[in-house]
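Structural characterization, general
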Amino acid sequence: MTKNIMIVGVGGQGTLLTSRIIGKAAIEMGYDVKISEVHGMAQRGGSVVTFVRFGEKVNEPVVEEGQADVIIAFERLEALRYAHFLKKDGVLVVNDCRIDPMTVVIGAKEYPQNILEGLKERHNVYAIDGQKIALELGNSKVLNSVVLGYAAPFVGFDKQVWLDTISATVPPKTIEINKKAFELGYNANL
């Protein structure tokens, strides 16, 4: 059986690094892994989407609409934008954070209200304020590790596999803070 993971966010939130960590963890567990990235206007705060698929044998890297087992969203509007990719019994993990897209910044559109409430009416939603936890650790750049820790039980694998993979993937100077961020997110889901 193949597990389909989708990671969505805004440029600079660590979406690509998160997909690499998930992919490496799956490889470490002996799975065939395919990863696909869609960048958009990532450097200008635009949407970033990555797909990670793993299983005994995976032929394609892209997750089809309605097939994601888990969507990890680093921002509420991105969760709303991609929720239709979630399968009926899938899980939507959302960082409860607002980042205004350019259309909202220039006044052409309004940021939707009550996004999480609307998503909870249709999906299995688990929300965390990962930014708050990252800031309490003193480094907003570990937001992705907090949210990944929160999502890890839904993706699978033993906690130690995640910690070892983080150690092998993030820059050496940031290993300890990323592991701490992951553990805080992980423990928030227990």
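Structure first, text after, so check above.
Since this is a predicted model, take the numbers as computed values, not measurements.

So, how was this worked out
- Residues numbered from 1 in each chain as written.
- Predicted model: local features only at pLDDT ≥ 70, side-chain atom pairs only at ≥ 80, totals over all residues.
- Heavy atoms only, no water.
- Patch = residues over 30% accessible without salt bridge, like charges linked within 9 Å, V, L, I, M, F, W, Y side chains within 5 Å.
- Areas by Shrake-Rupley, 256 points an atom, 1.4 Å probe, with all protein chains shown as cover.
- Salt bridge = Lys/Arg side-chain N within 4 Å of Asp/Glu carboxyl O.
- Helix = DSSP H or I, 4+ residues; strand = E, 2+ residues; numbered from the N terminus.
- Polar contact = N/O pair within 3.5 Å; in protein donor to acceptor, adjacent residues only side chain to side chain.
- Contact = heavy atoms within 4.5 Å.
- Phe/Tyr/Trp six-rings, centres within 6.5 Å; stacked < 30°, edge-to-face > 60°.
- Buried < 20%, exposed > 50% of the residue type's maximum accessible area, 1.4 Å probe, protein only.

1. So, a nonpolar patch on the surface
A surface patch of nonpolar side chains, amounting to about 340 Å² of accessible area, comprises Met102, Val105 and Ile106. Relative to the elements of secondary structure, Ile106 occurs in the loop between α3 (102-105) and α4 (115-122).

2. Here's the deal with the side chain of Gln13
Of note, Gln13 is situated in the loop between β1 (3-10) and α1 (15-28). Of the polar contacts made by the side chain of Gln13, one reaches the backbone nitrogen of Val10; its length is 2.8 Å. For Gln13, the side chain forms a polar contact with the main-chain oxygen of Phe74, separated by 2.9 Å. Beyond its immediate chain neighbours, meaning those up to four positions away, Gln13 contacts Phe74, Glu75, Cys97, Ile99, Leu143 and Asn144.

3. Regarding the packing of aromatic side chains
One pass over the full model with this rule turns up 9 aromatic pairs. Ring centres 5.3 Å apart and planes at 50° place the aromatic pair Tyr31 and Phe54 in the tilted group. One end of the pair, Tyr31, is in the loop between α1 and β2 (32-38); the other, Phe54, is in strand β3 (residues 47-55), and 23 residues separate them in sequence. With relative accessibility at 36%, the residue Tyr31 sits in the partly exposed group. One aromatic cluster is present, formed by Tyr31, Phe54, Phe157, Trp162, Phe182 and Tyr186 through successive ring pairs.

4. Topic: the pattern of salt bridges
Applying the stated criterion to the full structure yields 6 salt bridges. In this structure, Glu78 and Arg81 form a salt bridge, with 2.6 Å as the shortest nitrogen-oxygen distance. Of the two residues, Glu78 and Arg81 are both situated in helix α2 (residues 76-82); the distance of 3 residues between them amounts to about one turn of the helix. Relative accessible area serves as the criterion here: at 4%, Glu78 is assigned to the buried category. One salt bridge in this structure joins Glu183 and Lys159, with 3.0 Å as the shortest N-O distance. One end of the pair, Glu183, is in helix α8 (residues 175-188); the other, Lys159, is in helix α7 (residues 159-169), and 24 residues separate them in sequence. Note on Glu183: relative accessible area 26%, which makes it partly exposed. On the accessibility criterion, Lys159 (25% relative accessible area) is partly exposed.

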